[in-house]
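Summary of the model geometry
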Amino acid sequence: MPNISQAQSSSFDSKPLKVAVLVSGSGSNLQVLIDAMQAGSLPIEIVGVISNVKDAYAVTRAQQANIKTAVFSHITEGDKAGKRMGIKTFERHATAQLNEWQPDLIVLAGFMRVLSGDFIHSAPAPMINLHPSLLPKYKGLDTHQRVLESGDLYHGCSVHLVTAELDAGQVLTQAMLGVNKQQTAEVLQSRVQQLEHQILPWTILLIAQGVLNLEQINSDAKPSPYLPALPLKLWLDN
Ligand code: GRF
């Protein structure tokens, strides 16, 4: 009979989950996924990274790890007026790229454009997003400042399924911390980011291992009464 570590390593021997990541910024969350993948701690293969921002440091991180990248910048080359690439054009390019890579899962990690329902529904894989608040509170932007202004005692981040309605899909996991009212929004943001770097790989591990079954969660099927109700919450105060 295999011991526990043998059983665990053999469960990682199965095919890795093919993950595509959409980014717009620094890519610290992408880096955590790259590091965990390279360390063998996360059974994933990052098949490609799509950015809508040309100079996003996330693209450099992906290139340094020899991961395929595609940049569909929202600034048209040579356009002095800085005209934005329409979202439909971005989505057309991104769909073609995703269809080529054929991921099992699409992860929005700091991706800052709102995607259309058509794009989400026609994507070749389910899509999850990392959001810096305890959804359903504080959808949208400036979440840390809004938490401080509201005097909330708790804050954190959520990983949720992406649906046509902004930040409104089923929340899968949340990581929480206690708010210190003396701290600035910047400090709070940095504390929440430390939680993001733990909750995102943890959530993807649960998906890769089949603990979180996104198709079943997305369907009308009744959740198992023997498993905890979603979202799964981690108290990760720091
Ligand atoms: C994260 O804080 C995420 O919550 C927000 O954008 C940030 C992305 O950070 N949506 P990074 O690009 O992963 O460093």
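So, how was this worked out
- Residues numbered from 1 in each chain as written.
- Predicted model: local features only at pLDDT ≥ 70, side-chain atom pairs only at ≥ 80, totals over all residues.
- Heavy atoms only, no water.
- Salt bridge = Lys/Arg side-chain N within 4 Å of Asp/Glu carboxyl O.
- Helix = DSSP H or I, 4+ residues; strand = E, 2+ residues; numbered from the N terminus.
- Buried < 20%, exposed > 50% of the residue type's maximum accessible area, 1.4 Å probe, protein only.
- Polar contact = N/O pair within 3.5 Å; in protein donor to acceptor, adjacent residues only side chain to side chain.
- Contact = heavy atoms within 4.5 Å.
- Pairing = 2+ DSSP bridges.
- Near = heavy atom within 4 Å.
- Areas by Shrake-Rupley, 256 points an atom, 1.4 Å probe, with all protein chains shown as cover.
- Nonpolar A, V, L, I, M, F, W, Y, C, P; charged D, E, K, R; others polar.
- Arc of directions from axis to C-beta.
- pLDDT = per-residue confidence, 0-100.
- Axes fitted to C-alpha atoms, helices over the stretch in contact; angles between N-to-C directions.
- Parallel < 35°, antiparallel > 145°, perpendicular 65-115°, else oblique.
- Left-handed = near helix turned anticlockwise from the far one by under 90°.

1. So, the pattern of salt bridges
When the charged atoms of two side chains with opposite charge come close together, those side chains can pair. What the rule picks out here adds up to 2 salt bridges. We note a salt bridge from Lys88 to Glu91, for which the minimum N-O separation is 3.7 Å. You can see Lys88 and its partner Glu91 sitting in helix 4 (residues 87–101), 3 residues apart, about one turn around the helix. For Lys88, a relative accessible area of 49% puts it in the partly exposed group.

2. A short note on the side chain of Ser158
Tracing the sequence through the fold places Ser158 in strand 6 (residues 154–161). Accessibility expressed as a relative area gives 0% for Ser158, which makes it buried. Polar side-chain contacts of Ser158 include one of 3.1 Å to the backbone nitrogen of Leu135. At 3.1 Å, the side chain of Ser158 forms a polar contact with the side chain of Gln174. Filtering out sequence-adjacent residues up to four positions away, Ser158 remains in contact with Asn129, Leu130, His131, Ser133, Leu134, Leu135, Val171, Thr173 and Gln174.

3. Re the pairing of strand 7 (residues 171–178)
Counted residue by residue, strand 7 has 8 buried out of 8 residues, so it is predominantly covered. Note: strand 6 against strand 7, 7 bridges, orientation antiparallel. Residue Val159 lies in a different strand from strand 7, and its bridge partner there is Thr173.

4. Quick notes on the side chain of His160
Mapped onto the secondary structure, His160 falls in strand 6. Using a relative accessible area of 2% as the deciding quantity, one classes His160 as buried. Setting aside residues no more than four positions away along its own chain, His160 makes contact with Met127, Ile128, Asn129, His131, Leu135, Asp167, Ala168, Gly169, Gln170, Val171 and Leu172.

5. Some thoughts on the site of the ligand
Residues in close proximity to the ligand include Gly25, Ser26, Gly27, Ser28, Asn29, Gly110, Leu130, Pro132, Gln193 and Glu196, which together make up its full environment. Note that an oxygen atom of the ligand is positioned 2.8 Å from one of the backbone N or O atoms of Gly27. The fraction of the free accessible surface of the ligand (360 Å²) that becomes covered by protein chains is 86%. Only helix 2 (28–39) and helix 7 (185–208) provide two or more residues apiece to the shell around the ligand. Taken together, the residues of the shell around the ligand break down into 2 nonpolar, 7 polar and 1 charged.

6. A word on helix 6 (residues 143–150)
Taken residue by residue, helix 6 has Thr143, His144 and Val147 as its buried positions. One side of helix 6 holds all its buried residues, which, seen down the axis, span an arc of 100°. Looking at the packing, one finds that the buried side of helix 6 touches strand 5 (127–131), strand 6 and helix 7.

7. Quick notes on the confidence of the model for the protein chain
For the protein chain, the average pLDDT comes to 90, and 89% of its residues sit at 70 or higher. Between residues 1–10, whose pLDDT stays under 50, and residues either more than four places distant or in other chains, the model counts 2 contacts.

8. Focus: helix 3 (residues 57–64)
Here helix 3 has its buried residues at Ala58, Val59, Arg61 and Ala62. For helix 3, the buried positions fall inside an angular range of 160° around the axis, keeping them on one side. At its buried positions, helix 3 is contacted by strand 1 (17–23), helix 2, strand 2 (44–51) and strand 3 (69–71). Just past helix 3, the residue Asn66 takes up positive phi, approximately 60°.

9. Brief notes about the packing of helix 2 against helix 7
Where helix 2 contacts helix 7, the two axes come as close as 9 Å, and the packing angle between them is 45°. As summarised for this structure, helix 2 and helix 7 are arranged oblique, according to the angle between their axes. Pair helix 2 / helix 7 crosses with right-handed handedness. Contact residues: Ser28, Asn29, Val32 and Leu33 in helix 2; Gln193, Glu196, His197, Leu200, Pro201 and Ile204 in helix 7. Of the residues belonging to the contact of helix 2 with helix 7, the class tally is 5 nonpolar, 4 polar and 1 charged.

10. Thoughts on the environment of Glu149
Along the chain, the position of Glu149 falls in helix 6. Its relative accessible area of 59% is what places Glu149 among the exposed residues. Taking the C-alpha atoms as reference points, Glu149 and Lys181, separated by 32 residues in sequence, lie 9.4 Å from one another.

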